[in-house]
Amino acid sequence: MLRILCILFGVIGLGLLAYDLVASAIAGSLSLSALGAWWAAIHRDSLLLLQPAVERYLTPALWDPGIQSVLEAPAFLSAFGLALLFGLLAVMFRGRRRKTLLD
């Protein structure tokens, strides 16, 4: 399952990068779309509810330097980051499973 998520987010990242490169070529200048912009285009209400929920139930300090920075980052980097995370988790759990089965 983790390998499937790794591949899925890798493909999404490649698609977002291709979209940004094509849009930049058409516009004539490099512009990368932010994760927050994509999220707002898909489901604006959930994005608008995220900040008050984080500030109220977790901590306000988590929003400004942390989550806001991730939302302003290029969307393809976020997808590649998730692909990398799931890939590393898949390797870790695959190694554990082999060790327990062979022992």
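Residues numbered from 1 in each chain as written. Predicted model: local features only at pLDDT ≥ 70, side-chain atom pairs only at ≥ 80, totals over all residues. Heavy atoms only, no water.

Caption draft 1: How the structure looks around the overall build of the chain. A tally of helices and strands in the chain yields 4 helices and 0 strands. Each helix and strand of the chain, ordered N terminal to C terminal, gives the series α-α-α-α. Since a compact globule built from 103 residues should have a radius of gyration of about 13 Å, the 18 Å found for the chain marks it as more spread out than a globular shape. The C-alpha extent of the chain, read off along each of the three principal axes, is 55 × 40 × 20 Å. Expressed as a percentage of the 103 residues in the chain, the buried residues total 21%. Intrachain contacts of the chain at a sequence separation of at least 6 include 66% that bridge at least 24 residues. Counting only carbon and sulfur atoms, one obtains 71% of the accessible surface of the chain, whose full area is about 7500 Å². Considering the chain, the positive charge centre built from 8 side chains and the negative charge centre built from 6 side chains are found 18 Å apart. (Helix = DSSP H or I, 4+ residues; strand = E, 2+ residues; numbered from the N terminus. Rg over C-alpha atoms; globule rule 2.2 N^0.38 Å. Buried < 20%, exposed > 50% of the residue type's maximum accessible area, 1.4 Å probe, protein only. Contact = heavy atoms within 4.5 Å. Areas by Shrake-Rupley, 256 points an atom, 1.4 Å probe, with all protein chains shown as cover. Lys, Arg positive; Asp, Glu negative; His and termini not counted. Charge placed at Lys NZ, Arg CZ, Asp CG, Glu CD.)

Caption draft 2: Main features of helix α2 (residues 35-57). Between its first and last C-alpha, α2 extends only 23 Å over 23 residues, short of the 33 Å set by a 1.5 Å rise per residue. The axis of α2 is deflected most strongly, by about 125°, at His43. Where α2 is concerned, the buried positions are Gly36, Ala40, Leu47 and Val54. (Expected span 1.5 Å × (residues − 1). Bend = angle between axes of the 7 residues up to and from the residue.)

Caption draft 3: Summary view of the nonpolar core. Counting residues in each nonpolar core, the largest one holds 5 residues, listed as Ala40, Leu47, Val54, Trp63 and Leu71. Elements supplying a minimum of two residues to this core: α2 and α3 (60-72). When residues in this core are grouped by element, the largest group, 3 residues, is from α2. (Core = buried A, V, L, I, M, F, W, Y, C linked by side-chain atoms within 4.5 Å.)

Caption draft 4: Quick look at the side chain of Ser78. Positionally, Ser78 belongs in helix α4 (residues 75-102). Take Ser78: its relative accessible area is 18%, and that puts it in the buried class. Ser78 has contacts with Leu35 and Val70, leaving out every residue within four places of it along the chain.

Caption draft 5: Structural view of the packing of aromatic side chains. As enumerated under the stated definition, the model contains 3 aromatic pairs in all. Relative to Phe86, the ring of Phe9 lies with its centre 5.8 Å away and its plane at 20°, an arrangement referred to as stacked. Placement of Phe9 in helix α1 (residues 2-27) and of Phe86 in helix α4 is noted, with a sequence separation of 77 residues between them. Ring centres 5.3 Å apart and planes at 70° place the aromatic pair Tyr19 and Trp38 in the edge-to-face group. A residue pair is termed long-range when its members are at least 10 positions apart, and Tyr19 in helix α1 and Trp38 in helix α2 qualify at 19 residues. (Phe/Tyr/Trp six-rings, centres within 6.5 Å; stacked < 30°, edge-to-face > 60°.)

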